[in-house]
Amino acid sequence: MSVQQRKNRAVIIVNYEFCSRTEPLQPRKGAKREADKLFKALSKLNYAVKLYYDQAAKDIEEIYRQESREEHGDCFVSILSSHGEEGAIYDCWGELVKLTRIFQMLSPQRCPVLAGKPKIFFIQACRGNVTDPGVWVETDSSRPPADSFSHYLSIPDSTAVMFACSPGYSAFLNPLGSMFLQTLLEFLEGDERHLELARLMTRISWKVAFHCEAKGPYHGDKEMPCFVTNMVREVYPFSTQTTETGKL
């Protein structure tokens, strides 16, 4: 099969039930249904999608290790959904998995086939315990949480990572799904999928920040997604018309 005929690949990993050895982690109601819908949406966009539920740390690493050996198309997309802390997600046993380990498995050294190709991550997980009441404030920049940016420096070339929330904050999920991934799903199924990646991520941030709010015990609280990218060209990963362009 030629490079032109290879499908773009996507990996979705969702942990929704946990058997923690220490402090128990609550089941994530709505996460599985949400992942199923994202699987269908990406499949309709001609991605070869693999969907995994309730994975242990060693299995998560093996999934990406296997991806590094696969034949890839023009880009790679991965969605991670779990409980988390800053710079890490929890596996199904309540053990932390560092995001840097996942990112580096797709580095040019470990995955030459993806060298120079877009690698895109969407991460639905808490990055702390702070909730955002959504109050407008005007203030000088404060010091970010310790180590909140260090893992950004470890992303491989041509990579974009989008988080459901800002460093130190909580990401919300209810039985209907998460604000972040529900918005991504809406856009994958709508005309927004034709947007260039940075514009798409900015649009997701805008929609979640201004048009979504938490339900249940945190009713009214807000969420502010953010992303980091070291892309050096425009990328259209979800448009059926074009994948990328070098135009300014």
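Let us look at the structure shown here. Note that the structure is predicted; figures quoted are calculated from it, not measured.

**Here's the deal with the environment of Leu-185**
No. 1: Locating Leu-185 in the fold gives a position in helix H4 (residues 179-188).
No. 2: When its relative accessible area of 5% is taken as the criterion, Leu-185 is described as buried.
No. 3: Linking Leu-185 and Lys-40, residues 145 residues apart in sequence, is a C-alpha distance of 9.8 Å.
No. 4: Each residue touching Leu-185, except ones within four places of it in the same chain, is listed here: Lys-37, Leu-38 and Ala-41.

**Topic: the sheet that holds strand S5 (residues 88-90)**
No. 1: Within the open sheet, the 3 strands sit side by side as S4-S5-S6. Their pairing is antiparallel. Every other strand in the sheet has two partners, leaving strand S4 (84-85) and strand S6 (96-98) as the edge strands with one partner each.
No. 2: Inspection of the sheet shows S4 paired to S5 by 2 bridges, in the antiparallel sense. When the bridges of S5 are listed, Glu-85 appears paired with Ala-88.

**Overview of the nonpolar core**
One recurring pattern in soluble globular proteins: nonpolar side chains tend to sit buried together.
No. 1: In this structure, Leu-42, Tyr-47, Phe-122, Ile-204 and Phe-238 are the most contacted members of the largest nonpolar core, which totals 38 residues.
No. 2: Among the elements of the structure, strand S1 (8-14), helix H1 (31-44), strand S2 (47-53), strand S3 (76-81), strand S7 (119-124), strand S8 (159-163), H4 and helix H5 (197-211) are those that each provide at least two residues to this core.
No. 3: The dominant element in this core, judged by the number of residues it contributes, is H4, at 7 residues.
No. 4: Sequence-distant contacts of Tyr-47, defined by excluding residues within four places in its chain, comprise Lys-7, Asn-8, Arg-9, Ala-10, Leu-42, Cys-75, Val-77, Pro-237 and Phe-238.
No. 5: Residues Ala-57, Ile-89, Leu-99 and Cys-111 belong to the second largest nonpolar core, which totals 25 residues.

**What to know about the packing of H4 against H5**
No. 1: Interhelical geometry of H4 versus H5 gives an angle of 130° and a closest axis separation of 10 Å. Taken together, the axes of H4 and H5 are oblique relative to one another. Here H4 runs over H5; the crossing is right-handed. Where H4 abuts H5, its residues Met-179, Phe-180, Thr-183, Leu-184, Glu-186 and Phe-187 lie against Leu-200, Arg-203, Ile-204, Lys-207 and Val-208.

Each value, and the rule that gives it
- Residues numbered from 1 in each chain as written.
- Predicted model: local features only at pLDDT ≥ 70, side-chain atom pairs only at ≥ 80, totals over all residues.
- Heavy atoms only, no water.
- Helix = DSSP H or I, 4+ residues; strand = E, 2+ residues; numbered from the N terminus.
- Buried < 20%, exposed > 50% of the residue type's maximum accessible area, 1.4 Å probe, protein only.
- Contact = heavy atoms within 4.5 Å.
- Pairing = 2+ DSSP bridges.
- Core = buried A, V, L, I, M, F, W, Y, C linked by side-chain atoms within 4.5 Å.
- Axes fitted to C-alpha atoms, helices over the stretch in contact; angles between N-to-C directions.
- Parallel < 35°, antiparallel > 145°, perpendicular 65-115°, else oblique.
- Left-handed = near helix turned anticlockwise from the far one by under 90°.

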